[in-house]
Structure formats: C-alpha cells, structure tokens
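# Notes for the structure review
These are the residues of each chain, in order.
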Amino acid sequence: MMEELLQQIAHCIEFGKTDKASPYPPDMKGLDGADELTKMALDKGVPPSDVLIRGLVVGMEKVGIKFRENKVFVPQVLMSAKAMNTAMQHLKPFFRSGEVKRKGTFIIGTVVGDLHDIGKNLVSMMVEGNGWEVIDLGIDVKAEKFIAAVKDHPGCIVGLSALLTTTMVNMESIVKQIHEQAPGTQIIIGGAPVTDEFRKKIGADFYSPDPQGAVEYLKQWIV
Amino acid sequence: MGKILEKLKILKVLASDGAWGTLLHAKGLKPGECPESWNIDHPAEIMDIAAQYINAGADMTETNSFGGNLFKLSHYGLEKKVTEINRRAAELSRNAAGTEKIVLGSVGPTGKILMMGEVSEKELYEAFKEQSIALASGGSDAIVVETMSDLDEARIAVRAAHENTSCEVICTMTFEKILTGEYRTMMGVSPAEMVPVMKEAGADIIGANCGNGIEGMIDIVREIRAVDRDIPVLVHANAGRPRYEDGKTVFPESPEEMASFVPSLISAGANIIGGCCGTTPEHIRLICEALKMLR
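Starting afresh in each chain, residues are numbered from 1 along the sequence in its written order. Starting at A for chains and at 1 for ligands, labels are handed out in the order in which the entities are written. For this predicted model, a pLDDT threshold of at least 70 governs which residues receive local features, and a threshold of 80 or more governs which side-chain atom pairs are given and counted, while totals over whole chains, interfaces and linings are taken from all residues.

## Comments concerning the overall build of chain B
As a reminder of what qualifies: Numbered from the N terminus, helices here are DSSP runs of H or I no shorter than four residues, and strands are runs of E no shorter than two. Using C-alpha atoms as the atom set, the radius of gyration is obtained and then compared with a globule rule of 2.2 Å times the number of residues to the power 0.38. Any residue with 12 or fewer other C-beta atoms within 10 Å of its own C-beta is exposed, any with 20 or more is buried, and the rest are partly exposed; the C-beta atoms used are placed from the backbone. We call two residues in contact whenever the C-beta atoms placed from their backbones are within 7 Å.
Along its length, chain B carries 13 helices and twelve strands. Here the C-alpha radius of gyration of chain B, 17 Å, is about what a compact globule of 295 residues would show, namely 19 Å. In terms of overall dimensions, chain B has a C-alpha envelope of 45 × 45 × 40 Å along the principal axes. When burial is assessed residue by residue, chain B has 58% of its 295 residues classed as buried. For chain B, contacts bridging at least 24 residues in sequence account for 79% of all contacts bridging at least 6.

## Thoughts on the nonpolar core
Convention followed: In this description, a nonpolar core means buried residues of the types Ala, Val, Leu, Ile, Met, Phe, Trp, Tyr and Cys, linked to one another by C-beta atoms lying within 7 Å. Domain start and stop positions are those given by an automatic or database domain assignment.
Core analysis: the largest hydrophobic core is formed by 164 residues, its most contacted members being I9 of chain A together with V145 and I287 of chain B. The element best represented in this core is helix α4 (residues 74–97) of chain A, accounting for eight residues. Two domains each provide a minimum of three residues to this core, namely domain 1 (2–97) and domain 2 (105–221) of chain A. Look past the residues within four positions of I9 of chain A in its chain and what remains in contact with it is A34, L37, T38, A41, V51, G55, L56, G59 and A87 of chain A.

## What to know about the domain arrangement of chain A
All names here are of chain A. Cut-off, in case you're wondering: Gly counts as polar in this scheme, as do all residues outside two lists: the nonpolar Ala, Val, Leu, Ile, Met, Phe, Trp, Tyr, Cys and Pro, and the charged Asp, Glu, Lys and Arg.
Here chain A is described as being made up of domain 1 (2–97) and domain 2 (105–221). Each of domain 1 and domain 2 has a C-alpha centre, and these two points are 26 Å apart. Each partner contributes residues to the interface: domain 1 has 13 residues there, and domain 2 has eleven residues. Of all the elements in the fold, those that place two or more residues in the side of domain 1 that touches domain 2 are α3 (48–68) and α4. Tallying contributions element by element places α3 first for the side of domain 1 that touches domain 2, with nine residues. Partitioned by chemical class, the residues of the side of domain 1 that touches domain 2 number eleven nonpolar, one polar and one charged.

## Quick word on the interface of chain A and chain B
Taken residue by residue, the interface counts 23 residues in chain A and 23 residues in chain B. For the side of chain A that touches chain B, the elements supplying multiple residues, two or more each, are α4, α7 (165–168) and α9 (196–202) of chain A. When residues in the side of chain A that touches chain B are grouped by element, the largest group, four residues, is from α4 of chain A. Split by residue class, the side of chain A that touches chain B holds ten nonpolar, seven polar and six charged.

## Thoughts on the packing of helix α1 (residues 2–15) of chain A against helix α2 (residues 34–43) of chain A
All names here are of chain A. Let me state the cut-off plainly: Only the contacting stretch of a helix is used when fitting its axis, a line to C-alpha atoms as for every element, and angles between N-to-C directions run 0 to 180 degrees. Relative orientations are named as follows: roughly parallel for angles under 35 degrees, roughly antiparallel for angles over 145 degrees, roughly perpendicular for angles from 65 to 115 degrees, and oblique for any other angle. By definition, turning the near helix anticlockwise from the far helix through less than a right angle yields a left-handed crossing, and turning it clockwise yields a right-handed one.
Contact pair α1 / α2: the axes reach a minimum separation of 9 Å and the direction vectors enclose 155°. Comparing the axis directions of α1 and α2 gives the class roughly antiparallel. Here α1 and α2 pass one another in a crossing that is left-handed. Residues L5, L6, Q8, I9, C12 and I13 of α1 pack against A34, L37, T38, M40 and A41 of α2. Of the residues belonging to the contact of α1 with α2, the class tally is nine nonpolar, two polar and no charged.

## Digging into the sheet that holds strand β5 (residues 206–207) of chain A
Residue and element names in this part refer to chain A. So the rule is basically this: Between any two strands, pairing holds if DSSP finds at least two bridges.
As summarised here, the arrangement of the five strands in space is β2-β1-β3-β4-β5, forming an open sheet in which the pairing is parallel. The sheet is open, and its two borders are formed by β2 (133–136) and β5, each paired with just one other strand. Bridge count for strand β1 (residues 105–110) against β2 is four bridges, and the pairing is parallel. Residue pairing for β2: T105 is matched across the bridge by E133.

## Brief notes about the environment of L104 of chain B
All names here are of chain B. Tracing the backbone through its elements, the reader meets L104 in strand β3 (residues 102–107). Judged by local crowding, L104 falls into the buried class, with 31 C-beta atoms found within 10 Å. L104 sits ten residues away from R94 along the chain, and the two C-alpha atoms are 9.4 Å apart. Each residue touching L104, except ones within four places of it in the same chain, is listed here: M60, E62, T63, S140, A142, V144 and I170.

## Re the packing of α1 of chain A against α3 of chain A
What describes two packed helices is the angle between their axes and the distance between those same axes. Residues and elements named next belong to chain A. Interaxial distance between α1 and α3 falls to 7 Å at its minimum, and their mutual angle equals 35°. Here the hand of the crossing between α1 and α3 comes out right-handed. Within the contact between the two elements, α1 uses L6, I9, A10, H11, C12, I13 and E14 and α3 uses D50, V51, R54, G55, L56, V58, G59, M60, K62 and V63. In the contact of α1 with α3, the residues fall into ten nonpolar, three polar and four charged.

## A word on unusual backbone geometry
With glycine set apart, most residues show a phi of negative sign, and most peptide bonds adopt trans. Residue P25 of chain A is bonded to the preceding Y24 of chain A through a cis peptide linkage, with omega at -10°. Tracing the sequence through the fold places P25 of chain A in the loop between α1 and α2. We note that N70 of chain A has phi near 60°; this positive angle belongs to a residue other than glycine. With respect to the helices, strands and loops of the structure, N70 of chain A is situated in the loop between α3 and α4. Take N70 of chain A: there are 16 C-beta atoms within 10 Å of it, and that puts it in the partly exposed class. In this structure, K12 of chain B takes a positive phi of about 70° despite not being glycine. Checked against the element boundaries, K12 of chain B lands in the loop between α1 (3–11) and β1 (14–15).

## A short note on the sheet that holds strand β12 (residues 272–275) of chain B
Residues and elements named next belong to chain B. One open sheet accounts for eight strands, arranged β1-β12-β9-β8-β5-β4-β3-β2; its pairing is parallel. This sheet does not close on itself; its edge strands, each paired only once, are β1 and β2 (60–62). Here strand β8 (residues 205–210) runs beside strand β9 (residues 233–237); their pairing, made up of five bridges, is parallel. Across the sheet, C210 pairs through a bridge with A237, a residue of β9.

As structure tokens, this is what we get:
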C-alpha cells in the first residue's frame, strides 16, 4: 500500500501531474495528482522523509535523466517541477520542525548582465526536487550578492548560470571573488554557451551540460 | 506584396546583416547595461552598426530592439519607454539604410513562460503589439520575430505584428542538434512543426537564427523545405559555437568559412542569409560576394 502510494507520487512528478484538476498530462485527466497523493501519504502515516526520498526525488531523477537523453524537453521538466513544488508544500512543516533534513544548501543565480532565468530555474527545481534547500538569488546577480549569501550559509554550494556568450565572461570574476572570500566553496557553472574547457579556464569546480549532471555531482557534498 | 518579397522576386537571394550584441560590446556596452537604452543615449553608435552592415553590402539591417519588449525593459525601469526606444531603434536603422535598403524591426522573446502561468496570452500579445507598432512607426519594413523557442510565444508575436502593422513578418526560431541528430528548440519544437503554425499566424518569411554555426543550418532549411516548397526562408547563423580565450569570447567561424557554406545553404532552399552572434561586417561582406555569384 505504502509502496504503491510512493510509486504513484513518483509517477505524478515524472509526468508532471500537479493535482486532480490539472488537465496535464492528458492521459491522467481526472486522476489524483502529486498534491492529493502526497497529502494522502502523510495522513496515512508514511514518514515524510520517505515521501521526499522515495517519491519526489525518484520522480525528479527520472525526468532529469529523460531530459539529458533528449527524450523530453523544457516544458515537461517545468511541469514536473510544478508537480514537485505542489507536493513540497505538504513537506514544508516537516522541514521547519527538523523532522526531515535537507541534503545541504545550494545557492544559485544568473550572473550579472544576464536576464535569462529558464536554465537557472530548471537547475534550481531539479536540485530542490532532489532534497536540497535552494536559495535562488534571481537574475543579473553581482558577485557581492553571491558572496553575502555564501557567508550566510557556510558550507553551501554555488551554481552560476549564463545564457549569453557576452555574459558568460562575467562568471570568471565572480568565481575568483567567491574563492577569495570563501575559500573551498564549490562552484558549479552552466548555460548554453558554457563548456568544460571554459570552466577549467575560469577556475570553477564543475560544469554540467544538463541539470541532472549537477544533481549527481552534488551527491558527494551531502551534509 | 511587401518590399522583401518584391526584391526576392527580382534578385532571388538576399543578404541580411550580422551580429548586433557583439558590436555593441566592442563599442563599450557594459555588462548589466540595457542594450536598447543606447538608442536614446548613443544614437550615433547604433546608426554606425547598421551603416557598417549596409556598407558591407547587406540588403537589409535589423534594429537595436531585440530586448525591447515591456518585460525585458521593465528590468531596467524602462517600462514606460517601450514606444520611444523601439521607434528610435527603427529610425536609426532607417537613417543608415536610406530609402532603398530594408529595415527589419527586431523582436526577441520576453523570457516569460506561458505554460507556467508567468504571463497570459493576452499580456504577451499586448506587449508584442506595442513593440511592433513602435518599430513600424519608426520606419521598419518588416518585423523579425527571432530567437524563439516556444511555439505559442512565437505565434502570438507573429500575430501581433501581422494584425497591427502593415509590415511583412518574419519568424525565426533557434534550433539545436539533439542526440538523435534531429533539430529541436529548447522547448522541443522541430523546424517542420514551426512552419504551419507561423504561416497560419501570418508570417511571410520563416527560418532559423543563432544556434551553433552555419553548417547545421543546411539540415534545418532542408527540413523546412520538405514541408513547404514556397515560403521564403531566412537564416541568421552564429559564427560557430563560442570559445573562451584570454578573457574574451571568440567565435570560431571565419568570414571565409561561413561564406563557403552559402552555395549549399541556397541549394538547400534558403533565400536570405545573414549572421547572428559573433558575425561581423566582414562576414557579411563575404556572404554578399558568395550570394552575388549565385544570382
């Protein structure tokens, strides 16, 4: 029973079924979504940490892998993230009470000069859906803002995003300043024009062409 | 018939312009500065970019208005200046183009995602309507809706331009090669899927821009041609995938390299060729020379 419920939750996350009223995906019309099933699981006494790890995380991981393999595209991931967010609302009280622990803190932002947030949001949602606390600093974020957030959250990991060839160059000084002010901070970079060669040149710690790669890299840094 | 379609009838193939962002940064646009505000603050520099492309031989030049929609300008506190900034953008390119050459009013994506409920269809339509009308009033001959990845946003932008101006409407989306070797936008749209939707919305010319270089554009144009033999196709290609060298972004494709693909692109079915990120007036000059040989 409990196993089945967790699998159903994972399925709703994977296919982006938010709640019963949601018409998406069409083949799940009228069925319970992540919202109803998560509430039901918690009401029935399923431990909230199981709902997170064996429900939400499993579903997000599946969609993350399909996205990396080009089997789904941005819209499907966004719908999965929406379903995940809805389920996450039911888990919030357990995070606050400390009953469910997050894996760590991940700070993310699109670098100064760049107003694009789709890539950044995808990574943010995938990482959150994997059980991390995510602090999203938004778009057009200057080095000082990243540094202040890093100092507020010792041991956090930082993600930098850029979509434009003209703005990815701004990553270099941000990486340098974070490493100067908070030595040892892990910095992950990504975005359409970014490559691993670029990462090496600017001294960042990890590059992934897709959000799932970031999620997998983060596993070794779980607090 | 609009100015571009008329010219195409006579000349068969036309040359468009190259990158704007690349030249703006070379002229000193700072990180975090609004590119479109230069239409007001540095009009001579903007006119110079358009003039460089016209002098290189381009039949048309775009306007400095890619991010000139309400949503992008709001970020800089310029939401009240949408009309002024876009009209000025068109006037500056018109001045550089003279009466003969064509001005393409550039309309880029808003960055808002419809399916996530970040914006409504009506809000998008109104924003694109305001921008298109301003670009037309400043003297644009056509509106080019470009770098689109979402089918619905592109459709709404095309419709807003088509219904509210007498300009010809062009729509280009940005495709990347996926693991299967096919081309898709970030939102999963294929070139073949784009064609009927944009025609229905009122596009006169369709095509692709940005991406990872001119060679991939050949397959994209073939895919478009496989579903539509008649509609004119425009390609604005990047000078390859950018590399980072000594603190600067470098685009690998030289003017000679890009120009060498012009004959294959035309035989695949393209009608108008220009550049996107990383291309310069020299790229356009050589593309024009290659096109002249094919007329």
